[in-house]
Amino acid sequence: KEQLILFTLENREIRTGVMVSENDLKRYYERHLTLFMLPEEYRISQILLLPRKGESRAALRKRAREIHDQLKKGGEFDDLALRYSDSADATRGGALGFIRQGDMDPSIERAVAALQPNAVSEPVETSDSIHIIRLDEKKTAQFRPLEEVRNEMQGLVFQQKSADRYQQWMTDLKSKSYIEVKL
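About the cut-offs
- Residues numbered from 1 in each chain as written.
- Predicted model: local features only at pLDDT ≥ 70, side-chain atom pairs only at ≥ 80, totals over all residues.
- Heavy atoms only, no water.
- Pairing = 2+ DSSP bridges.
- Helix = DSSP H or I, 4+ residues; strand = E, 2+ residues; numbered from the N terminus.
- Contact = heavy atoms within 4.5 Å.
- Axes fitted to C-alpha atoms, helices over the stretch in contact; angles between N-to-C directions.
- Salt bridge = Lys/Arg side-chain N within 4 Å of Asp/Glu carboxyl O.
- Buried < 20%, exposed > 50% of the residue type's maximum accessible area, 1.4 Å probe, protein only.

(A) Focus on the sheet that holds strand β3 (residues 95-100). Taken in spatial order, the four strands make up an open sheet running β3-β2-β5-β4, and their pairing is antiparallel. With partners counted over all chains shown, the strands left at the sheet margins are β3 and β4 (124-125), one partner each. Direction of pairing for strand β2 (residues 41-49) relative to strand β5 (residues 130-139): antiparallel, over a ladder of nine bridges. By the bridge assignment for β5, serine 45 is matched with arginine 134. Relative to the sheet, helix α3 (residues 57-72) contacts β2, β4 and β5, its axis offset from that of β5 by approximately 45°. The sheet strands contacting helix α5 (residues 106-113) are β2, β4 and β5, and the helix crosses β5 at an angle near 50°.

Put into structure tokens, the structure is as follows:
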């Protein structure tokens, strides 16, 4: 019952007086731009090579090198993906679509970050497979527009202003109160 009374009092004294203006939103957006940043995105295709039963790591590397050599000689990535890739996306030419920076295996991400669009990586080894990656498109990091994040920001600014107002309210209450400490 006491908590309900406190909640009602806090609501009346703090939250009802908090207004979030357009200027508050713009100021918050400008000061916290990094919160609204989208990382780089890469549209990639891959040829995934998994070890076959009893195949050594060296044999898997040799297989990857042979496919990569075919690409260097002008082989079509989509055709080679269809023919050699062990991934379910092989039927789409190995197309994986857009993947955000930070969502890939670090070794693959390093290889992709170094590529220019339409370039193909050297074979990239991961713990259980080898990948040959083609970078189809690169979207640079960008900020989400203010209009897109307005609702999200409104809640954050409201919380921040409410917390500030709560602190001020508590300070005012303490200054108006007589507190005697007996030890």
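(B) Inspection of the pattern of salt bridges at higher detail. One pass over the full model with this rule turns up 16 salt bridges. Close ionic contact of lysine 139 with glutamate 41 constitutes a salt bridge, the shortest N to O distance being 3.9 Å. Of this pair, lysine 139 sits in strand β5 while glutamate 41 sits in strand β2; the two residues are 98 residues apart in sequence, bridging distant segments of the chain. Accessibility expressed as a relative area gives 17% for glutamate 41, which makes it buried. The partner of glutamate 148 in a salt bridge is arginine 144, with the nearest N and O atoms 3.2 Å apart.

(C) Structural context of the pairing of β5. Where burial is concerned, most of β5 is hidden: seven out of the ten residues are buried. By the bridge criterion, two bridges tie β4 to β5 in an arrangement that is antiparallel. What sits directly across from valine 124, in β5, is histidine 131. Linking two consecutive strands that pair antiparallel, namely β4 and β5, is a turn of four residues.

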